[in-house]
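Notes for the structure review
Chain by chain, the residues:
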Amino acid sequence: MAARGHVQDPNDRRLRPIYDYLDNGNNKMAIQQADKLLKKHKDLHCAKSAEIGPRRLFSGRFDMLNRRRAVGERENSDWLFSLVNESLHVNNSKTASKEVKPVLKAIGLQRTGRQEEAFTLAQEVAVLEPTDDNSLQALTILYREMHRPELVTKLYEAAVRKVPTSEEYHSHLFMAYARVGEYKKMQQAGMALYKIVPKNPYYFWSVMSLVMQAISAQDEKLSHTMFLPLAERMVEKMVKEEKIEAEAEVQLYFMILERLGKYVEALEVVQGPLGEKLTSELQSRENKCMMLYRRLERWAECNALSCKLLLKNPDDWQFYLLYFDSLFHLIDQSWTPPQEGAHSSEGEVHASVSQSISFMKERLATEDAKESKHLRGPYLACLELIRRLRERSCPEVQQLGEPLELMFQFFVKFGDKPSCITDLKIFLDLLAPDQHVQVSARCALCSMFDSVFVLHVLLCRSRTKRSNHVPITHWKSKVRSNKFINRLMEAVPLLAPGEDGFAFPGDTRALQRHLCVTQLSRCLGLQHALNTDGKLGLIKELKAHYRHGLQFGKSCLKTELQFSDMYCLMAAHVYIDLWLETGDQNTLWQSMGMLEEGLSHSSSNAQFKLLLLLLYCRLGAFEPVVDLYSSLDAKHVQHDTIGYLLTRYAESLGQFAAASQSCNFSLRIKLSVLSSFPHARAAAVCLFLQTSEYIIQAYKYGAFEKIPEFIAFRNRLNHSLHFAQVRTERMLLDLFLEADISSPLEESVKSMSLCPEEDDIPWDNFRDNRDLTVLVAWNPKDRQLNEEHKQRSLEDETLWLRLRSLTLRLIGCVSTMSHPPAPRNSEKTTENGVAAKPSFLLSLLSQLENTLNQATQFTEKQLQLSRFVSFVVMTLTLVQTVIQRNYEHMQKQEGTNEILITDYVHQYPFLGPVSSRLAQALSSGCCQCQLSSLQLPLHLQELENTGLDDSTELQTQISNLFKSLAVQLQDMLGKCKGDLLEVKDAQTKTQPFLLENLVYFVETICIVIWVSHYCGSVLRPLKSSLQKKKKKKKEASTVTPAVISAFQEFSGSLQSLLNQALELIKSQEISLTALKLGALSLQGQTQSEASDFRDCFEPDCLKKPDFKAEGTFTKSAMDKVQSSYLRSLQEIGELLKKRVDTLKSLKI
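Keep in mind that this is a model prediction, so the values were computed, not measured.

**Notes on the nonpolar core**
Within soluble globular proteins, side chains that are nonpolar generally end up buried alongside one another. In this structure, Phe484, Leu611, Phe622, Tyr699 and Phe704 are the most contacted members of the largest nonpolar core, which totals 294 residues. Of the residues forming this core, the biggest block, 20 residues, is contributed by helix α45 (residues 993-1033). Those residues in contact with Phe622, other than ones at most four positions away along the chain, are Cys617, Leu646, Tyr649, Ala650, Leu653, Gln655, Ala658, Ala659, Ser662 and Ser1124.

Below, the structure is given as C-alpha cells:
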C-alpha cells in the first residue's frame, strides 16, 4: 500500500479512467475521456497515448528483468524490487509525463479503426524524439498494432543519439532492427552495446548478425569469403582470451564452422574443452560427432561410435541406421582394422556382415532374457538388416532367421501396443518376393484369354507408379500372407464365439492385438482381394467388433478416443472400396452413417472428422464441413498442411459465406486481423512480424541455432502453394460478392491493394506444404500414394492457380480502365498513361490463353490415360465374369477368388490429394468464356481510338464477340440443368458437379457484367457524340451502329440468361424441398405410402432389420447433404438476384 501511495500524483489520477477504458476494450470512451483531459490540460500529451500506466510499466519493467537476467544481470530478488520502485518513481517525474501523454488517444483511435488519425497523432509525439521509457514503449505498442515496425527503429535511433550510454535503449534498438531484418545494423548496434556494457551476450548478438548476413546474402561466395570468416575470427578472439562462458556461444561457433565446411575444426571443438559445455540436450556431443563423421566419411569412427551408443541405449533407432550405413560403406571400401592399436579413436569397428549379425543376435538375446519392459529397437533393427542384406543378395541373411518368425516374435511382445502396426507395416514386403504376375494351376486360362492377361500384365507394370490399381496377385504371395495372418492369430486371445459366430477379445490388450492383425491383413491386400459378398461379411464383422469394444470405453472422457475406433474407421474404408468398385452410392451413404455413429461415441476422433469432411465434400455438401473442421481445433501451421481438404471445395459448392470463413481458417496462421490490413499484403506482413518476435526471443535467450530455422520456416510459409491459392480465391470471392454491389469494382480492387502489373506469387520457389497422408490408411503398396501422384497433383494445382491469378489481375485491369460518365473533350487517348494499358492488357491475355492451352493439354492427357485404363479394366472385368462362371466350383472349394481387378479408376488414391477444380472448370466452359469476355476491353479501346465512322470491320468483330459470348453463356447454363439428388430404381445418387457448374456460371456472369460496364462506359459517349453530330446535320433517319445494336442485344440476352438461371435454381429448390418434406411427412401417411416413398428415397440397406440402429445415422447424413444443397442454391440465387439489379446500369 505504501508503494502504491508513493506513486499517486495528479497526472496518474487523471489518466486512470483512460487506462480502465482501454483495459475493458471501451476504446470510444477512452478517446472521449482523453479529449476532455486534453482540453483542460494541454500539456498532458499522454492523453493522446494508450498503454503505459503504473500497471503496464510494472509489466514492461518485468519484461526487461527477464531480458537482463538472460544476458547475465544480477538475479537476486532485491534487485527486482529496487527496479520496480525505481520505475514507479520515474513515472512520477515531470519529464516522463509530458511526451508520453499524447499516445493514449492514438491507440484508442487505432483500435476503433481510425488508423490515419492515430498515425498523425503518434507522429506529433515522435517528432519530439522522446527519451523517457513510457513514451517509447507506448509508441512501440502503437506501431506494432499498425504493423509498422520500421518506425520503431527511428524512435530508438533518436533515443540512442540523445542518451548514447543507455544500455536499455541500445538493446531496444537492436531488437527493433531484428524485427525488420536489418542484419547489418544489428551487427553495428550489438558492437555498440558491447562497448558500453562488455557482456558476452551482446558480443555474440553481433556475431550472430554476421551469420544472418551470410545466410541472407544473394551471393554465396560473399558469404564464404567475408561474413562467415569475419564471424569465425570474432569467436576465435573470444576463445583465445578464454572468455567463452555459455553453451549458446559454443553452439554458435559450431554453426559457423559447419557453414564454412570446416568439419575437422568443428570436430575438434566438440571433442575439446568447449564441447563440455554442450549439456542442454541428451547426447548432444555424440550426435554432433556422428554428424561430422558422416560428412567427413570417417565410417570407422561412425561405426564404432554408433555401436558404443547402441550398447548404452539399444532402443535408439537413429543409431541403428547409422550403424548399418557405416557398416556397408566399410564393406564396400574393403576396410580392414590396423594390425596394432585400436581400430579407431572411438573403439572397436564392425566391418563385416558376420560381425553385424553377431552384434544383432546379442541384442536380441539380451532382450529375450528380460522378463518385462522389452525394447522394440533390436527386433526392428534385425528386420532392417535382413532387408539390406537381401538387397545385396548376401547369403548370410539366412543366419538371422525367417522374417515371418521375427515379426511373430515382435507381435507376441508388442502386439498390444498401438505402435505395433506402424512398426511392422514397413517390413511387410519381406514376407514375399517382388510382386509379379503368374497364373497358377488353380486359375489356368484358355488360350483365348492369354492376350488379355498379357495386356493386363503390361498395364500393371506400367502403372505401378502411375495410378491406383490392384494387380493380379501372385498365388505364393497370398499363401504366405495368409500364413502370416494365421500365425499372428495364434497369439490373439479371444472368447468363445457367440450366436453370430464372432469371437471377441475379452480385454483391451486382446482387442489391440486383434485390431493389429486386422490392420495388417488390410495392408497385405487380403481385404481388397475379397469379392463383394466377402467385403460385406467383413464389414459386418468389423461393426460387431467395434460395438463390442465400446464396453471397454464406458469410463472414457469425452476428449478420449474409444479403444475400438479403428474398427469403425476400417469398416468405413471397406464401404468406400465397395463404392469405388461397384459405383453403388448406397455404400457411400452407409460409410458416412458409420462415421457419424463413431463420432457419437468418440467426438474427438480426428480421423472420423477428416474422412467425413472428405466424403461430404465429394458429395457436394459443404454446410456440415465447416463445423467438422472447426471442431478439429487446428492450430497455426496445421491450417497450411490440412486446410486444402476444406478450401478446395470452399467456393466451388456455392456456400459463399462459409467459403469466406474457410479461407480465414487457412489465412489465420499469417493474418491475425483480416479487416485491419489490405488482403494482398497482410498475410506476409503479419507472418513476418510474428516470426520476428520468435527471433527476438531466440536472441534474448541465446538460442542462436533456432534463428535460421525460424527464417526458413517463415520462407516456407511465404512460399506456400496453399496459401497463394487461398489468398487468390479469397480476393476473387470478395469481388464476386461485393464489387458493384456494396461498392464499385474500382474501390474493391483498390481496397485489396491489388496491382495488376505486379505478380507477387513465387512461382519458382513454391513449397507444397500439404500433408497428403493425414488420413489414416492401411492400403497395400500398389494402392498407396507415390511421388508421381504428388508431382501430378502439384502440377494440377499450379496450373489452376495460374488461371485464377491471371483472371484476378485482368479483373484489376478492367477496374482501372473505367471511364467517367462525361464525354471526352478531346479525341486523344494518350493522357494519364492510358495508352500504356492496352499493351499490358494484351500481355496478360496472352499469358491467360497460353496457360489455358497448357491446362487443356494436361487435362486431356490425364483423361486419355483414364479412358485407356477404364477400357482395359472393363475388358478384364468381362473376362473375370467368364472365369468365375467356368471355375465356380473351384472357387467354392478353395474359398477365394484368384483374379482381382478393379473396375473403378481414380486419378489419385481416394485418401490422397483431392483433384483441383481445373478439370471441372474446363468441362463447364467457364475458362474459355471468361477469356472471351476479357478480350472485349482490348477491342473497345481500339474502337475508342478509331471512332465509329471508320471502324466497320472492327464493329463487326466486336458484334460477333458479343454473340459468341451469349452462346457460350447459354451452353454453360445448359450444363447446370439436372437434379442434384437423383432418385432412380430405389437408388439415391448425387450429382454435385451441377453445383460446381452453377458456381462457375455465376463467376463468369460477374466477370461478363464488369466487362459490360466498361463496354457501356466506352460506347455511351460514342453514341452521344454521334447523336450530337446528327442533330447538327438535322438528319431525319438515324442508323444505329452495329456495335451499339449488338451491345444492346447482348444486354437483353444477359437479362434473359439470369432469369433462366433463377428459374433453374427455383426448380431445383422445389425438387429438393419436396424430397425433404416427403421424408418429414411419413408419419402422416399410410403404411403403404410410406413404404413406397422409402423404396425411392432410402438405400436398400436401411430397410433391413439389422440396420435400423445405424440407419438413423445414415439418414442424418443424407439430411445434412440435402440441407446443404438447399443452402447452396439459396446463396447462389441471392447473388444472382443482386447481379440482376446491376444490369440496369448497362443501358446506353
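And the narrative resumes.
**Here we look at the packing of aromatic side chains**
Two measures describe an aromatic ring pair: the distance that separates the ring centres and the angle between the ring planes. Following the criterion strictly, the structure yields 21 aromatic pairs and no others. Measuring from ring centre to ring centre gives 5.5 Å for Trp763 and Phe766, while their planes differ by 85°; the resulting arrangement is edge-to-face. The exposure classification of Trp763 matches that of Phe766, with both residues buried. Relative to Phe1050, the ring of Phe962 has its centre 5.2 Å away and its plane inclined at 35°; by these criteria the two rings are tilted. Linking Phe962 in helix α44 (residues 952-974) with Phe1050 in helix α46 (residues 1042-1080), this pair joins segments that are 88 residues apart in sequence. Classification of Phe962 by relative accessible area gives buried; the value is 2%. Judged by relative accessible area, which is 3%, Phe1050 ranks as buried. Of the aromatic side chains, those joined through ring pairs into one cluster are Phe174, Tyr202, Trp205, Tyr699 and Phe704.

**What to know about helix α29 (residues 585-601)**
Here α29 is 17 residues long and its end C-alpha atoms lie 25 Å apart, about the 24 Å a rise of 1.5 Å per residue gives. Within α29, 15 of the 17 residues are buried, which leaves it mostly tucked inside the rest of the structure. Backbone nitrogen of Asn586 and a side-chain oxygen of the N-cap are separated by 3.1 Å at the start of α29; the cap is Asp584.

**Focus on the environment of Ser923**
Its location among the elements puts Ser923 in helix α42 (residues 918-924). Considering only alpha carbons, one finds Ser923 and Thr859, 64 residues apart in sequence, at a separation of 9.8 Å.

So, how was this worked out
- The residue numbers shown here count from 1 along each chain, following its written sequence.
- Only residues with pLDDT of at least 70 get local features here, since the model is predicted, and only at 80 or more are side-chain atom pairs given and counted; chain-wide, interface and lining totals rely on the full set of residues.
- Water and hydrogen atoms were dropped before computing side-chain values, which therefore reflect all heavy atoms in the structure.
- Side-chain atoms within 4.5 Å are what join buried Ala, Val, Leu, Ile, Met, Phe, Trp, Tyr and Cys residues into a set we call a nonpolar core.
- Buried means the residue's accessible area, taken with a 1.4 Å probe over protein chains only, is under 20% of the maximum for its type, while exposed means over 50%, and partly exposed covers the values in between.
- Secondary structure elements follow DSSP: runs of H or I no shorter than four residues count as helices, runs of E no shorter than two count as strands, and numbering proceeds from the N terminus.
- Note on definitions: a residue-residue contact is assigned when non-hydrogen atoms from the two residues lie within 4.5 Å.
- Stacked, tilted and edge-to-face are the three classes assigned to paired rings of Phe, Tyr and Trp, where Trp is represented by its six-membered ring and a pair needs centres within 6.5 Å; plane angles under 30 degrees give stacked, over 60 edge-to-face, the rest tilted.
- In a helix, the anticipated span is given by 1.5 Å times the number of residues less one.
- Counted as a polar contact is a pair of N or O atoms within 3.5 Å, where, for protein atoms, one must be capable of donating a hydrogen and the other of accepting one, and residues adjacent in sequence contribute only when both atoms are in side chains.

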